[in-house]
Amino acid sequence: MNGKEGIINIVNQINGILASIEDQLYKAPLAIYNGSSIGQHFRHIHDFFRCLAIGASEQVVDYAQRERDLRIEQDPLFAMKAFVQELEQLLSLEEYTPVKVRGDFSIQNDATRPEYPSSLGREITFLHDHAVHHLAIIKIGLQIEAPELIKDHTFGVAPSTVKFRKQEA
């Protein structure tokens, strides 16, 4: 499986939840998240997908320049469409294309932001891993608020962990 197939799987997992979650639960502030919502975590994942899609055309990826579209964190159906749109753009990319990734390490507005060499394939790998991390957080909220929505035991679990658990079983 390659990176593109990996993010297809991630978007399928994401859209599986988005298709079945109640709007109120999606946007509700949850105590387990210190007042953040499930929708905000999905929006955050989408922001990173969007940053890579935009950065690919500019050959500089800047994950700090996120759009933070509130519609994605408020409306699960809108979020589904947004994920499909970004996925289509990402699937059209050539994974071996070089890009630079702009770092953001300071809270100072005027701080120097270095750029590091990367490739679109490496950044797709990052998107996958970043999404798995946030899906694990989303899963915690779902286990408390709506455990019936978690139908896939691999939701929010890294492929390497799934393989390890199978090996250990």
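Structural notes, computed from the coordinates. (Residues numbered from 1 in each chain as written. Predicted model: local features only at pLDDT ≥ 70, side-chain atom pairs only at ≥ 80, totals over all residues. Heavy atoms only, no water.)

1. Quick notes on the overall build of the protein
Then, number 1: Across its full length, the protein carries seven helices and three strands.
Then, number 2: Of the regular secondary structure in the protein, the N- to C-terminal order runs α-α-α-β-α-α-β-β-α-α.
Then, number 3: In terms of overall size, the protein behaves like a compact globule, its C-alpha atoms giving a radius of gyration of 16 Å where 169 residues would be expected to give roughly 15 Å.
Then, number 4: With respect to the principal axes defined by its C-alpha atoms, the protein has extents near 45 × 40 × 30 Å.
Then, number 5: Counting all 169 residues of the protein, 44% fall into the buried class.
Then, number 6: Put simply, of all contacts in the protein between residues at least 6 apart along the chain, 65% involve residues at least 24 apart. (Helix = DSSP H or I, 4+ residues; strand = E, 2+ residues; numbered from the N terminus. Rg over C-alpha atoms; globule rule 2.2 N^0.38 Å. Buried < 20%, exposed > 50% of the residue type's maximum accessible area, 1.4 Å probe, protein only. Contact = heavy atoms within 4.5 Å.)

2. Some remarks on the sheet that holds strand 2 (residues 98-102)
Two pairing modes exist for strands in a sheet, parallel and antiparallel, and in both the strands are linked by backbone hydrogen bonds.
Then, number 1: Strands sit in the order 1-2-3 across an open sheet of three strands; the sheet is mixed. The open sheet has two edge strands, strand 1 (60-61) and strand 3 (115-119), and neither has a second partner.
Then, number 2: Sheet topology places strand 1 next to strand 2; two bridges connect them, and they run parallel. Note that in strand 2 the partner of V60 across the bridge is K100. (Pairing = 2+ DSSP bridges.)

3. Comments concerning helix 3 (residues 38-58)
Then, number 1: The first and last C-alpha atoms of helix 3 sit 31 Å apart over 21 residues, in line with the 30 Å expected at 1.5 Å per residue.
Then, number 2: Most of helix 3 is tucked away, with 16 of its 21 residues classed as buried.
Then, number 3: Q59 sits one or two residues past helix 3 and shows a positive phi near 65°. (Expected span 1.5 Å × (residues − 1).)

4. Things to note about the pairing of strand 2
Then, number 1: Of the two faces of strand 2, only the one carrying V99 and V101 is buried; P98, K100 and R102 on the other face are not.
Then, number 2: Pairing of strand 2 with strand 3, which is carried by five bridges, proceeds in the antiparallel orientation. Within strand 3, the position partnered with K100 by the bridge is P117.

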